[in-house]
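Here's the letter readout for the chains.
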Amino acid sequence: MADTATTEIREAAMTNAQDARVPTVVVDDVHIVYKVHGAGSGKGSATSALSRIISRKRSPAIREVHAVRGISFTSYRGEAVGLIGSNGSGKSTMLAAIAGLLPTEKGAIYTNGQPSLLGVNAALMNDLTGDRNVILGCLAMGMSPAEVKARYQDIVDFSGINDKGDFISLPMRAYSSGMAARLRFSIAAAKTHDVLLIDEALATGDQKFQRRSEDRIRELRKEAGTVFLVSHNNNSIRDTCERTIWIERGELVMDGSTDDVMREYEKSNH
Amino acid sequence: MSTVSDSVNFSAPSGVDAGLTPKQLAAKYGLAVSGKRPGFVKYVKELWARRHFIVAFATARLVAQYTTAKLGQVWQVLTPLLNCAVFYLVFGVMMKNRDGITDYIGWLCIGVFVFQFSQSAVLSGTRAISDNLGLIRALHFPRAALPIAFTIIQLQQLLISMVVLVGIVLFFQPPTMTWMLVVPALLLQSAFNTGLALVMARIGAKTSDMAQLMPFLLRTWMYTSGVMYSVKGAVDSFPPFFQVLFRMNPASVFMDLIRYALMPNEYNKNALPDHIWIIATAWAVFAGVAGFIFFWKAEEEYGRG
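Residues numbered from 1 in each chain as written. Chains lettered and ligands numbered in written order. Predicted model: local features only at pLDDT ≥ 70, side-chain atom pairs only at ≥ 80, totals over all residues.

K.L.:
Where do I start with the overall build of chain A in this structure?
P.N.:
Check the secondary structure of chain A and you find ten helices and nine strands. Counting every position in chain A, which comprises 270 residues, the buried fraction comes to 48%. In chain A, of all internal contacts separated by at least 6 residues, the share reaching a separation of at least 24 is 74%. (Helix = DSSP H or I, 4+ residues; strand = E, 2+ residues; numbered from the N terminus. Buried ≥ 20, exposed ≤ 12 C-beta atoms within 10 Å, placed from the backbone. Contact = placed C-beta atoms within 7 Å.)

Shown next, in the form of structure tokens:
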């Protein structure tokens with residue numbers, strides 16, 4: 001079923017190839033370098049730190065990690081793009097940079113509107129209850145109080161938090177990581193984003209939620225957005241994305257249709 | 001099949017756009033550099049659009065503060081009361097440091113609460129960004145909303161303390177017309193504190209060492225501001241320059257204003273320093289505007305790295 005869907009989309013992309021597509025994200029020869037504090041071997045004692053400050057030497061504890069090395073691609077309106085690669089290949093870094101959360105060392109990233117990044121780590125505000133988080137998250141995204149009221153029930157229903165009892169009125173620190181990720185996805189997906197970046201968020205939910213969120217991603221794409229998905233679950237990439245970019249050691253290995261890229265990717269892993 | 005799809009380059013612009021460089025393509029469709037700081041006017045507008053978020057965030061945080069405590073919201077009143085009790089025990093009873101102030105407990109409590117308003121605005125401002133990285137990295141909104149919300153939390157807490165305070169003051173004297181002056185004084189102090197919180201938020205976001213240093217700076221500020229003694233009496237013998245310096249101290253200025261407003265008997269009008277309302281307004285405007293601009297200048301850097 002998924003295969004026919006992607007074939008359809010690919011054919012549509014080819015027949016429309018003559019029309020100018022509207023770009024949403026332009027990544028132009030981007031390099032990203034992390035500066036990591038507290039690394040390195042040196043003695044971590046207070047006296048050595050003090051003598052470093054006095055001698056004005058740069059701390060040896062700062063090390064640079066070149067996480068992305070010259071990646072370029074352009075994504076267009078209505079696309080869902082999967083990012084694959086082994087652990088530490090630079091996928092998540094790439095997403096954070098598109099979201100504007102990491103500065104680029106070289107090159108530039110141009111986006112349409114404000115991309116929104118969805119990750120699995122951490123809830124919005126742990127001490128607050130789920131319903132407060134829904135309301136605050138929506139208000140923070142710029143909805144009016146009336147809009148929040150109208151959407152509230154949909155968001156809670158979509159997240160499925162209340163399926164097993166009244167969990168929405170509990171503080172989020174009481175949630176399992178899967179529940180927190182689900183609620184967070186539901187909040188972010190309640191609004192149409194020009195560019196939605198998803199980092200492994202779909203892998204955490206149960207199967208039922210995964211299917212629901214895949215449907216929602218399709219809807220978001222229809223509403224003229226672009227979706228990026230980072231995942232180690234090859235099936236969720238196959239089901240949601242028709243285009244896939246394979247990154248390895250911070251470099252772009254392959255950029256093409258999901259079927260082709262996946263075939264090569266799986267071949268290299270055997 | 002693979003040969004067909006290989007010929008489709010997913011990245012290359014198609015149709016009339018064919019051949020454009022990425023940069024030209026971005027310019028043509030008006031794409032902006034990701035994470036760029038918005039202009040000042042646009043930023044203010046965005047912030048205004050988030051006013052409901054700021055208020056809701058502040059209220060939610062205030063309520064959540066005591067959710068793990070058994071007594072819950074009672075702590076909102078208990079904390080200021082216990083604070084007063086400790087200071088009264090040490091400075092009022094043990095050290096007999098009353099400076100000839102007859103209604104010492106009321107005088108002391110005003111000092112403690114008013115100073116704490118500024119102190120906690122600074123402290124929570126310092127952590128406003130680093131404690132909310134989850135929120136910052138997940139959703140996009142003007143980051144100034146956070147330090148402003150934290151100042152509102154402190155204001156709400158002060159208003160609760162004020163209720164306790166009015167009770168204490170009423171015990172010693174009947175209400176007077178000067179009580180109305182509390183409103184403009186608190187408004188000015190709120191503007192001043194917001195500016196301070198914005199400055200500290202930017203510094204604290206970059207240098208986490210500040211969180212370690214702040215308690216010492218704040219304690220110094222407290223002991224020089226005359227929370228438990230009268231600054232006026234203490235600096236009389238100082239050189240004129242230092243006298244002016246102490247008189248300009250915003251914490252002392254706001255304390256004086258509220259002490260005068262609530263306890264005009266302690267302060268006959270002559271005892272209030274000259275031009276104090278002008279000094280207070282100047283502090284509020286200067287800190288508010290400068291703090292906001294200072295914070296906005298680094299807007300794109302919060303939550304990075």
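K.L.:
How should I be thinking about the interface of chain A and chain B in this particular structure?
P.N.:
Each partner contributes residues to the interface: chain A has 52 residues there, and chain B has 40 residues. At the level of elements, α1 (2-15), β1 (23-36), β2 (63-76), β4 (106-111), β5 (116-119), α4 (130-140) and β9 (251-257) of chain A are the ones that each hand at least two residues to the side of chain A that touches chain B. At six residues, the largest contribution of residues to the side of chain A that touches chain B is made by α4 of chain A. Considering only residue class, the side of chain A that touches chain B consists of 30 nonpolar, twelve polar and ten charged. Relative to strand β1 (residues 32-33) of chain B, β4 of chain A runs antiparallel, the two sharing two bridges. (Nonpolar A, V, L, I, M, F, W, Y, C, P; charged D, E, K, R; others polar. Pairing = 2+ DSSP bridges.)

K.L.:
Mind showing me how you'd approach the pairing of strand β6 (residues 195-199) of chain A here?
P.N.:
Residue and element names in this part refer to chain A. Of all five residues that make up β6, five are buried, and the element is covered over most of its length. Of the two faces of β6, both are covered, the one formed by Val 195, Leu 197 and Asp 199 as well as the one formed by Leu 196 and Ile 198. Two elements, β6 and strand β7 (residues 226-230), share five bridges in a ladder whose sense is parallel. Across the sheet, the residue bridging to Leu 196 is Val 227, located in β7.

K.L.:
What is the right way to read the environment of His 52 of chain B from this model?
P.N.:
In this fold, His 52 of chain B is placed in helix α4 (residues 51-64). Distance in space between the C-alpha atoms of His 52 of chain B and Tyr 260 of chain B is 34 Å, their sequence separation being 208 residues. Those residues in contact with His 52 of chain B, other than ones at most four positions away along the chain, are Leu 139 and Pro 145 of chain A.

K.L.:
Mind showing me how you'd approach the environment of Leu 128 of chain A here?
P.N.:
Position of Leu 128 of chain A relative to the elements: it lies in the loop between β5 and α4. Taking the C-alpha atoms as reference points, Leu 128 of chain A and Met 172 of chain A, separated by 44 residues in sequence, lie 6.1 Å from one another.

K.L.:
What's the story with the sheet that holds β1 of chain A in this structure? I'm lost.
P.N.:
The strands that make up a sheet are held in pairs by hydrogen bonds between backbone atoms, and each pair lies either parallel or antiparallel. Strands sit in the order β2(A)-β1(A)-β4(A)-β1(B) across an open sheet of four strands; the sheet is antiparallel. For this open sheet the edge positions go to β2 of chain A together with β1 of chain B, each flanked by a neighbour on one side alone. Here β1 of chain A pairs with β4 of chain A via five bridges, running antiparallel. Bridging across to β4 of chain A, His 31 of chain A finds its partner in Lys 106 of chain A.

K.L.:
Is there a simple way to think about the environment of Gly 125 of chain B in this case?
P.N.:
All names here are of chain B. Inspection of the secondary structure assignment puts Gly 125 in helix α6 (residues 104-128). A residue is classified by how many C-beta atoms lie within 10 Å of it, and Gly 125, with 30 of them, is buried. C-alpha separation for the pair Gly 125 and Gln 156, spaced 31 residues apart in sequence, amounts to 15 Å. With residues near it in sequence (within four places) discarded, Gly 125 still touches Pro 147, Phe 150, Leu 196, Ala 197, Leu 198, Met 200 and Ala 201.

K.L.:
Just to check I follow, could you spell out the confidence of the model for chain B for this structure?
P.N.:
Low-pLDDT stretches of the model should not have their predicted coordinates read in fine detail. Residues and elements named next belong to chain B. Within chain B, residue pLDDT values average 83, and 93% of them lie at 70 or more. Per-element averaging of pLDDT across chain B places helix α1 (residues 2-7) at the bottom with 42 and helix α14 (residues 276-296) at the top with 94. Counted against residues more than four places away or in other chains, residues 1-7, with its pLDDT under 50, gives six contacts. (pLDDT = per-residue confidence, 0-100.)

K.L.:
Which parts of the structure should I look at to understand α4 of chain A?
P.N.:
An α-helix turns once per 3.6 residues; consequently, residues spaced three or four apart project the same way. Most of α4 of chain A sits out of view: ten of its eleven residues are buried. Those residues of α4 of chain A that sit buried are Gly 130, Arg 132, Asn 133, Val 134, Ile 135, Leu 136, Gly 137, Cys 138, Leu 139 and Ala 140 of chain A.

K.L.:
What am I meant to see in unusual backbone geometry here?
P.N.:
Excluding glycine, most residues fall at negative phi; most peptide bonds, likewise, are trans. Residues and elements named next belong to chain A. Even without being a glycine, Asp 29 presents a positive backbone phi close to 45°. Of note, Asp 29 is situated in strand β1. For Asp 29, a count of 14 C-beta atoms within 10 Å puts it in the partly exposed group. A positive phi angle is found at Arg 249, which is not glycine, with a value near 50°. On the secondary structure map, Arg 249 appears in the loop between β8 (243-248) and β9. Since 14 C-beta atoms lie within 10 Å of it, Arg 249 is described here as partly exposed.

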